[in-house]
Amino acid sequence: MIAILTEKPSVANEIAVHLRVTQRKNGYWLGNGYAITWALGHLVGLAMPESYGMKSFQRENLPIIPKKILLIPRQIKIKIGYQTDKRALEQLEIIKEIFNRCDHIIVATDAGQEGELIFRYIYHYLQCKKPFERLWISSLTDKAITQGFKNLQKGHHFDNLYQSALARSQADWLIGINATQALSVQAKNGLYSLGSVQTPVLAMVCKRYREHIHFIPETFWKLQLQHTYKGITFYTHSETSFTQKTTAESHLKSIEILKQVTIIKVQQKEQREQPPLLYNITGLQKEAHTTFNFSASQTLAIAQSLYEQKLITYPRTGSQYISCDMWQEIPKLISLLEKNERLKDHAKALRLRKLQKRIVNDDKVTDHHALLITEIHPKNLCKEKSVIYQLIASRLLASVSAPCLKELTQFTCKVKEQLFTANGTTIISEGWRAIIGHFQQRNHQELPEIEQGEVLKIRSISLLEKQTQTKPLFTEATLLSAMENIGKTIEDKAERLAIKEVGLGTPATRASIIENLFRHDYILRQRKSLIPTKKGLQVYKIVKGKHIADVAMTGLWEKKLKEIEKGDLSTKTFIKGIELYTEQITKELLATKIKKIPPQLLPCPKCNEPSVRVFTKFVKCTDDKCHWWLFRTICGKILTRKAVKILLDSGKSPLLKGLKSNANTTFDVYLVLGSEGTTSFEFPVKNENIVKNTSFVFIIKFNLNNLILYHHNFQLLNNLLIVGYSFLL
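Overview of the structure. (Residues numbered from 1 in each chain as written. Predicted model: local features only at pLDDT ≥ 70, side-chain atom pairs only at ≥ 80, totals over all residues. Heavy atoms only, no water.)

A few words on the packing of aromatic side chains. Under the definition given, this model contains 16 aromatic pairs. Note on Tyr-123 and Phe-132: the rings are 5.0 Å apart at their centroids and 70° apart in plane angle, and the pair reads as edge-to-face. The class of Tyr-123 is buried, set by a relative accessible area of 8%. Given the relative accessible area of 18%, Phe-132 is considered buried. On the basis of an interplanar angle of 20° and a centroid distance of 4.7 Å, the ring pair of Trp-136 and Phe-158 is categorised as stacked. With Trp-136 in the loop between strand 10 (132–134) and helix 4 (142–150) and Phe-158 in the loop between strand 11 (153–154) and helix 5 (159–187), this pair connects stretches of sequence that are 22 residues apart. Grouping residues by exposure puts Trp-136 and Phe-158 together as buried. Above the face of the Tyr-670 ring, Lys-652 is positioned so that its terminal group lies 4.3 Å from the ring centre. (Phe/Tyr/Trp six-rings, centres within 6.5 Å; stacked < 30°, edge-to-face > 60°. Buried < 20%, exposed > 50% of the residue type's maximum accessible area, 1.4 Å probe, protein only. Helix = DSSP H or I, 4+ residues; strand = E, 2+ residues; numbered from the N terminus. Lys NZ or Arg CZ within 6 Å of the ring centre and 35° of its normal.)

Here's what the structure looks like:
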């Protein structure tokens, strides 16, 4: 018998259908010589300090550097400490039984660093010795799966990928555990989470924020002239910026008298704007946030869902290119888009044109090629999925289209020794811009044809007051760019060159790093901008200038992880360096003097005392006699500190959007406090007539871990479940 291990049940189902395995058992599929089971994500992880006989958050135990890292089944947080996840333990037993019975294993976890780590941790934890092969596919279509099984690869071919993933996992553990505990012990004021990537990213956000709020703008003035020539109205601007308004006004008055300027130089050049490359996951996340205000994690989740629906290729890719052997598939994908209502005309037009091959580069295809649609035509996609699919599809068409041809015109004119310039752009051929659209170009306008020596009349003259600008606050899109191109943010030239092509984190993990900053109440959204909270700034003040927040150092570690993946560096050597680094940052943090800030206490809905504290994962009354508490994560949505405060102050939260049911549907709801601090859902009323004409009552109450469902009018309840409120736990 051959065992196949996937990362998720949905992928196991697809492979079962493909291999005609029809017997569904408890935790696996069986038949046709195969047993197909799944991992439910990270079933096995690195053990917590208690597994080594060391009590957490004790100064005398720091730094915690085990001689050998232990693997344990997935743990879940409870009120005090952790306990083994029963569901994970049950699935591990099923996998163990299948591995024991099989002859060899086919690894079908996601084809990437994280998927490799998931399998290897399970394999080593179970002390399995069976031989294994790798199914390495970039989509879940029948064609891709067939090709993957025909070209199964030897497991050892991915040893370096695993070693890199292992080194990252152990480094994150060593740095995260010790830095978090050292700062929390020293602060004596709750939990302060630090991490090898998380903390430098927080430092970037805080530094930009402080620069922004402390920036003092300087005022300057420019002269603007209005002209009309050959029926076209346009403006020229003074090359000189005046720091004194009186000086600018003096020049304005002298020019007003003359009422004309002379063209002294005309420059024209043609520009070929090359089409963009295909999306990698970071590029897709940036575009989705900029255009549709999707969060990075939201975009990743939608893309993963489209992948599991066989509609796009593997999303967690860092590449923007495809390999040479894939080029023959591109015309077929373009033909598929002739059925796409929004893109059909562009797809048909490409039939008659030569396709650009900028996206083809074998050397720049990493674990996976760039994001592509598959040969399966989508049907009945929800709005969010349709948006992401259309982005990927339109980028495909744009990437193989002709360049956009522009004519750039600049002319310079002179009046009383003052020079004025104007810039204009004329589109000669739209090329790929016909698909993506034209970005607004600042200071560009339509200019008439004009020759050197011409005299232009001044229709009007005005004084423009301007101010110097600081760098804008980070958005999720610009923060992702900064993480992807971290070398560009480093001032020291030697350090910048050392990590030139390295980013912070991986394409697959950047979204979760940003989400962690939200979860720990270190940052919050202000419209699209990311700003640090009081807690985030407090942590930044402590770690600023220390190794744990050093972006260049973190970038260097990322570079070394790449070297492990290439086989140029051993994991043992890397971890030795991480251990020394861990000792250093732990010593730094334990020696830091921290001004204790009393925690902000909120009113308790049960005992009515100002005694509630907001922790990372729950909200709890600090009065030992009260025992009121509430998990902050509700149906996949984390209650922000602001939402918690509004809930406790007013008895009702703001509208919580995008909660997820067990059926993977989303819904919006208010969280309402009842007597004794009980909580219930209140749904927003979309049609008051429905409420007025039915005797419907539908409340979900949950107190701690207990969930009770009350309802009348069962038929209406069923209707709600059908349209998307299926969230029974």
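Next, the rest of the story.
So, about the nonpolar core. Counting 157 residues, the largest nonpolar core has Ile-36 and Ile-122 as the members making the most contacts within it. When sequence neighbours within four positions are dropped, the list of residues in contact with Ile-122 reads Leu-5, Ala-39, Leu-43, Val-44, Leu-92 and Ile-95. In terms of nonpolar packing, the next biggest core, distinct from the first, is built from 24 residues, Cys-604, Leu-630, Leu-671 and Phe-681 among them. (Core = buried A, V, L, I, M, F, W, Y, C linked by side-chain atoms within 4.5 Å. Contact = heavy atoms within 4.5 Å.)

A surface patch of positive charge is lined by Arg-210, Lys-541, Lys-544 and Lys-595. Structurally, Lys-541 can be placed in helix 17 (residues 534–543). (Patch = residues over 30% accessible without salt bridge, like charges linked within 9 Å, V, L, I, M, F, W, Y side chains within 5 Å. Areas by Shrake-Rupley, 256 points an atom, 1.4 Å probe, with all protein chains shown as cover. Salt bridge = Lys/Arg side-chain N within 4 Å of Asp/Glu carboxyl O. Lys, Arg positive; Asp, Glu negative; His and termini not counted. Charge placed at Lys NZ, Arg CZ, Asp CG, Glu CD.)

All right, on to the pattern of salt bridges then. The tally for this structure, following the rule as stated, stands at 23 salt bridges. Across the pair Lys-8 and Glu-308 runs a salt bridge, and its minimum N-O distance is 2.8 Å. Linking Lys-8 in the loop between strand 1 (2–6) and helix 1 (9–18) with Glu-308 in helix 9 (residues 296–308), this pair joins segments that are 300 residues apart in sequence. Judged by relative accessible area, which is 29%, Lys-8 ranks as partly exposed. Notably, a salt bridge pairs Lys-332 with Glu-329, separated by 3.8 Å at the nearest N-O pair. Under the relative-accessibility criterion, Glu-329 is labelled partly exposed at 22%. What emerges from the salt-bridge pattern is a single network uniting Glu-116, Arg-120, Arg-134 and Asp-159.

Bringing the layout of surface pockets into the picture now. Approximately 1500 Å³ is the volume attributed to the second largest pocket. As for the second largest pocket, its lining consists of 45 residues, and the residues nearest its centre are Gly-318, Thr-366, Glu-501, Pro-507 and Lys-562. Counting only elements with at least two residues in the lining of the second largest pocket, the list comes to helix 3 (113–125), helix 5 and helix 18 (551–566). Of the residues forming the lining of the second largest pocket, the biggest block, seven residues, is contributed by helix 18. The class makeup of the residues in the lining of the second largest pocket is ten nonpolar, 17 polar and 18 charged. (1 Å grid on protein atoms, 1.4 Å probe; cavity = no way out; pocket = protein on both sides within 12 Å on 5 of 7 lines; lining within 4 Å. Points joined across faces, edges and corners; volume = space filled by probe spheres on them. Nonpolar A, V, L, I, M, F, W, Y, C, P; charged D, E, K, R; others polar.)

Right, let's get into empty space enclosed by the protein. Empty space left among the atoms is revealed by rolling a probe the size of a water molecule over them. All chains considered together, the criterion is met by two cavities of 30 Å³ or more. Its boundaries defined by the atoms lining it, the largest cavity holds a volume of some 90 Å³. Among the elements of the structure, helix 5, helix 18 and helix 19 (571–590) are those that each provide at least two residues to the lining of the largest cavity. Residues that form the lining of the largest cavity fall into these classes: seven nonpolar, two polar and three charged. The volume enclosed by the second largest cavity comes to roughly 80 Å³. Contributing to the lining of the second largest cavity are Val-11, Ile-15, Ala-108, Thr-109, Asp-110, Ala-111, Leu-135, Ile-137, Leu-140 and Tyr-307. Looking at the lining of the second largest cavity residue by residue, the classes come out as eight nonpolar, one polar and one charged.

A word on the sheet that holds strand 23 (residues 618–621). Taken together, four strands build an open sheet; the order of strands is 21-22-23-24 and the sheet is antiparallel. In this open sheet, the two strands that pair with only one neighbour each are strand 21 (602–603) and strand 24 (629–631). For strand 21 and strand 22 (residues 610–614), the ladder comprises two bridges, and the chain directions are antiparallel. When the sheet's bridge partners are listed, Leu-602 is paired in strand 22 with Val-612. (Pairing = 2+ DSSP bridges.)

On to the sheet that holds strand 10. Two orientations exist for strands paired in a sheet by backbone hydrogen bonds: parallel and antiparallel. Strand order across the open sheet formed by seven strands is 2-3-4-1-9-10-11, with mixed pairing between neighbours. Only two strands of the sheet have a single neighbouring strand rather than two, namely strand 2 (23–25) and strand 11. Pairing of strand 1 with strand 4 (residues 34–38), which is carried by five bridges, proceeds in the parallel orientation. Note on strand 4: the bridge partner recorded for Ala-3 is Ala-35. Most of the contacts of helix 1 go to strand 4, to which it runs at about 160°, and overall it touches strand 1, strand 2, strand 3 (28–31), strand 4 and strand 9 (104–108). (Axes fitted to C-alpha atoms, helices over the stretch in contact; angles between N-to-C directions.)

Where helix 18 contacts helix 19, the axes come no closer than 10 Å and their chain directions differ by 165°. As far as their axial angle goes, helix 19 and helix 18 are roughly antiparallel. The two elements helix 18 and helix 19 cross, and the hand of that crossing is left-handed. Contacts between helix 18 and helix 19 pair Met-553, Trp-557, Lys-560, Leu-561 and Ile-564 from the former with Thr-571, Phe-574, Gly-577, Ile-578 and Tyr-581 from the latter. Of the residues assigned to the contact of helix 18 with helix 19, the class counts are seven nonpolar, two polar and one charged. (Parallel < 35°, antiparallel > 145°, perpendicular 65-115°, else oblique. Left-handed = near helix turned anticlockwise from the far one by under 90°.)

Quick look at the environment of Asn-100 now. Structurally, the position occupied by Asn-100 is in helix 2 (residues 86–101). As a C-alpha pair, Asn-100 and Lys-130 span 30 residues in sequence and 8.3 Å in three-dimensional space.

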